[in-house]
Amino acid sequence: DAGVTQSPTHLIKTRGQQVTLRCSPKSGHDTVSWYQQALGQGPQFIFQYYEEEERQRGNFPDRFSGHQFPNYSSELNVNALLLGDSALYLCASSSLGAGGITETQYFGPGTRLLVL
Amino acid sequence: AQSVTQLGSHVSVSEGALVLLRCNYSSSVPPYLFWYVQYPNQGLQLLLKYTSAATLVKGINGFEAEFKKSETSFHLTKPSAHMSDAAEYFCAVSADYGGSQGNLIFGKGTKLSVKP
């Protein structure tokens, strides 16, 4: 059973460019969340997708957007990249249980983005 | 609002010694609490979680944590450290209510070193 997979593993961009990161959830999961982990910090919640819609969002600007596909995979898009966007981007998948309760999240290996 | 504080950004122990990593939380509702481990250049792996059942929670790799409401703490322990335990450990609380385990708020992490 494949766990959460992410691509690419590493990426280098320059300021002002746009980037797309991809995530495939663990088999049986229907919910995908994205987190940003800056160097030396804990992960910060960006947003969560369920049924192809953004369900929750953390304190991130509109430059950060996402998408979820019918097969539950997801993309994270970041526009107008800033130096401060350099980080490890983690995808986590889970199931949405009864009453809209998010069950335990499982994390992928992450995509390390460097903005020059 | 929920928050997590991890005391000590770096802890060093000898192989075979007790491991104690400290986490204090702030929450206005009964919290769901988690410990994750991150090995170098990898994503996060769930060690254990507290979801309002037993206050002493056993996890993988011999780790356990005790939820103490009176002290608002959820410290992680392991009786005997192994070299393979060297990693960064993150405590997290769910920002969602009603038992949802999404939208995790992480501490800044504690890097554990194990000396031979």
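Just so it is clear, the structure is predicted and the values come from calculations on it, not from any experiment. (Residues numbered from 1 in each chain as written. Chains lettered and ligands numbered in written order. Predicted model: local features only at pLDDT ≥ 70, side-chain atom pairs only at ≥ 80, totals over all residues. Heavy atoms only, no water.)

Caption draft 1: Geometry of the pattern of salt bridges. Residue and element names in this part refer to chain A. For the structure shown, the criterion picks out five salt bridges over all chains. Glu75 is the salt-bridge partner of Arg22, the closest N and O atoms lying 3.4 Å from each other. With Arg22 in strand S3 (residues 19–24) and Glu75 in strand S8 (residues 74–78), this pair connects stretches of sequence that are 53 residues apart. Residue classification places Arg22 among the partly exposed positions, given a relative accessible area of 41%. By relative accessible area, Glu75 is classed as buried at 17%. (Salt bridge = Lys/Arg side-chain N within 4 Å of Asp/Glu carboxyl O. Helix = DSSP H or I, 4+ residues; strand = E, 2+ residues; numbered from the N terminus. Buried < 20%, exposed > 50% of the residue type's maximum accessible area, 1.4 Å probe, protein only.)

Caption draft 2: Broad picture of the interface of chain A and chain B. Taken residue by residue, the interface counts 20 residues in chain A and 21 residues in chain B. It is A:Pro43, A:Thr104 and A:Phe107 in chain A that bury the most area against chain B; as a group they hold 29% of the surface buried on that side. Counting every contact that joins chain A to chain B gives zero salt bridges. Along the lines of polarity and charge, the residues of the side of chain A that touches chain B split into eight nonpolar, 10 polar and two charged. (Contact = heavy atoms within 4.5 Å. Buried area = accessible area lost by both parts, 1.4 Å probe. Nonpolar A, V, L, I, M, F, W, Y, C, P; charged D, E, K, R; others polar.)

Caption draft 3: Examining the sheet that holds S8(A) more closely. All names here are of chain A. Spatially, the four strands line up as an open sheet ordered S1-S3-S8-S7, and their pairing is antiparallel. Unpaired on one side and paired on the other, strand S1 (5–7) and strand S7 (64–68) mark the two borders of the sheet. Across the sheet, the mean angle separating the axes of adjacent strands is 20 degrees when strand polarity is ignored. Pairing of S1 with S3 involves three bridges; the strand directions are antiparallel. In the sheet register, Gln6 faces S3, and the bridge partner there is Cys23. (Pairing = 2+ DSSP bridges. Axes fitted to C-alpha atoms, helices over the stretch in contact; angles between N-to-C directions.)

Caption draft 4: Structural detail: the sheet that holds strand S7 (residues 64–68) of chain B. Residue and element names in this part refer to chain B. Taken together, the five strands give an open sheet; going across it, the order is S1-S3-S8-S7-S6, and neighbouring strands pair in antiparallel fashion. In this open sheet, the two strands that pair with only one neighbour each are strand S1 (3–7) and strand S6 (56–58). Each neighbouring strand pair of the sheet contributes to a mean axis angle of 20 degrees, computed without reference to strand direction. Where S7 meets strand S8 (residues 73–78), five bridges bridge the pair, whose relative direction is antiparallel.

Caption draft 5: Highlighting a nonpolar patch on the surface. On the surface, A:Ile12, A:Leu114 and A:Leu116 cluster together to form a nonpolar patch covering roughly 300 Å² of accessible area. Given the relative accessible area of 59%, A:Ile12 is considered exposed. (Patch = residues over 30% accessible without salt bridge, like charges linked within 9 Å, V, L, I, M, F, W, Y side chains within 5 Å. Areas by Shrake-Rupley, 256 points an atom, 1.4 Å probe, with all protein chains shown as cover.)

Caption draft 6: A look at the nonpolar core. Residues and elements named next belong to chain B. In terms of nonpolar packing, the biggest core is built from 26 residues, with Trp35, Leu48, Phe74, Leu76 and Tyr89 touching the most fellow members. Elements supplying a minimum of two residues to this core: strand S2 (10–14), strand S3 (19–26), strand S4 (33–38), strand S5 (44–50), S7, S8, strand S9 (87–94) and strand S11 (110–115). Residues within four places of Leu76 in sequence aside, it is in contact with Val19, Leu20, Leu21, Trp35, Leu47, Leu48, Phe63, Glu64, Ala65 and Tyr89. (Core = buried A, V, L, I, M, F, W, Y, C linked by side-chain atoms within 4.5 Å.)

By themselves, these observations are geometric and do not establish any function.
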